[in-house]
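# Tertiary structure, described
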Amino acid sequence: MPKRSLMLAGGGLKIAFQAGVLQVWLDEAGIKFDHADGVSAACFNVAMWAQGLSGKQIADHWRNFKPLAAVGLNWRQLPRLFYAESFFTLNAFRKKFFVEWGLDWTTIRASGREATFNVYNFSQHQLRPVTAPELTEDFLIATGSLPLWFPPVRVAGDTYIDAVFNTATNLEEAIRRGADELWVIWTTSSLGKWRSGFIGNFFGIFEATTNGGYKQMLARIEASNTKIAHGEQGEFGRLITVRE
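Here the structure is a predicted model, which means the values were calculated and not measured.

### Overview of the pattern of salt bridges
Counted according to the given criterion, the structure contains 15 salt bridges. In this structure, R63 and D60 form a salt bridge, with 2.6 Å as the shortest nitrogen-oxygen distance. Separated by three residues within a single helix, R63 and D60 lie in helix α3 (residues 55–63), roughly one turn from each other. Close ionic contact of R94 with E137 constitutes a salt bridge, the shortest N to O distance being 2.8 Å. Of this pair, R94 sits in helix α4 (residues 91–100) while E137 is found in helix α6 (residues 137–143), placing the two residues 43 residues apart along the sequence. Three or more residues are tied together by salt bridges with common partners; here these are K3, E114, E173, R176 and R177.

### Here we look at the nonpolar core
Within the largest apolar cluster, 72 residues are counted, with the highest numbers of intra-cluster contacts made by F93, W101, F117, L140 and L182. The element contributing the most residues to this core is helix α2 (residues 42–51), with eight residues. Ignoring any residue separated from it by four or fewer positions in sequence, one finds L182 in contact with S5, M7, L171, A174, I175, I221, I240, T241, V242 and R243.

### A short note on the packing of aromatic side chains
Each aromatic ring pair is specified by the distance between its two centres and by the angle formed by the two planes. With the rule as written, the count across this model stands at 29 aromatic pairs. Following the ring pairs from residue to residue traces out a cluster consisting of F44, W62, F65, F93, F97, F98, W101 and W105. The ring centre of F97 lies 5.5 Å from the NZ or CZ of K96, which sits over that ring.

### Describing α3
Among the residues making up α3, those that are buried are G55, I58, A59, H61 and W62. Along α3, the residues classed as buried sweep out an arc of 155° about the axis, all on the same side.

### Comments concerning helix α8 (residues 197–229)
Here α8 is 33 residues long and its end C-alpha atoms lie 47 Å apart, about the 48 Å a rise of 1.5 Å per residue gives. Considered for burial, the residues of α8 that qualify are G200, F202, G204, F206, E207, T210, N211, Y214, M217, I221, S224 and N225. Directly beyond the C-terminal end of α8, a positive phi value near 85° is found at G231.

The rules behind these values
Residues numbered from 1 in each chain as written. Predicted model: local features only at pLDDT ≥ 70, side-chain atom pairs only at ≥ 80, totals over all residues. Heavy atoms only, no water. Salt bridge = Lys/Arg side-chain N within 4 Å of Asp/Glu carboxyl O. Helix = DSSP H or I, 4+ residues; strand = E, 2+ residues; numbered from the N terminus. Core = buried A, V, L, I, M, F, W, Y, C linked by side-chain atoms within 4.5 Å. Buried < 20%, exposed > 50% of the residue type's maximum accessible area, 1.4 Å probe, protein only. Contact = heavy atoms within 4.5 Å. Phe/Tyr/Trp six-rings, centres within 6.5 Å; stacked < 30°, edge-to-face > 60°. Lys NZ or Arg CZ within 6 Å of the ring centre and 35° of its normal. Arc of directions from axis to C-beta. Expected span 1.5 Å × (residues − 1).

Given below as structure tokens:
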């Protein structure tokens, strides 16, 4: 049997769409995954999967989710205007939603399910896939700490932020862990329509970096598969199937 990795890309509140797909894949189709990887807030779904929740349980949590209750203004920083740490905080996830979802760090760390949660260590300038046995509340919050919008998280003296500008889905990590099939739920915008204004520009940059990096990785996989098909080694040493 091929080794399958569940790849959950970032995409803000569109990650709720992932939960609907998970209900179909995990519960209705009975598809089993050997590994799951998340970027940005998609890591919240990976955490629930790692804890052993069913697809329907994950989807139900998002069905009951109240977006306006999820973020709060970073009041202490607002007077600093352009020098503010962030506009909003993710404290509501710490105090409300993680509790309502029943996330248990001890259970996740002891899980038999292999999972990686991507954060970017800004202090060391390194992409860090945090494994399930390493996961803490701070690391999970850091996965969604998109610069400007949410404050960075400091762990053991280092500053961590959302990894989405580095990768929107860490296909390379899944391949490194032995995946033959990458099942991608792509929830990052790819409309290709440039919008004016600060917010429009910001998310245009977001779209450019994520889609550009993703396409480059897909091209590497295709080139490797072509070489293998012609009897050559190929970059990844085996055929890799991407199901998006």
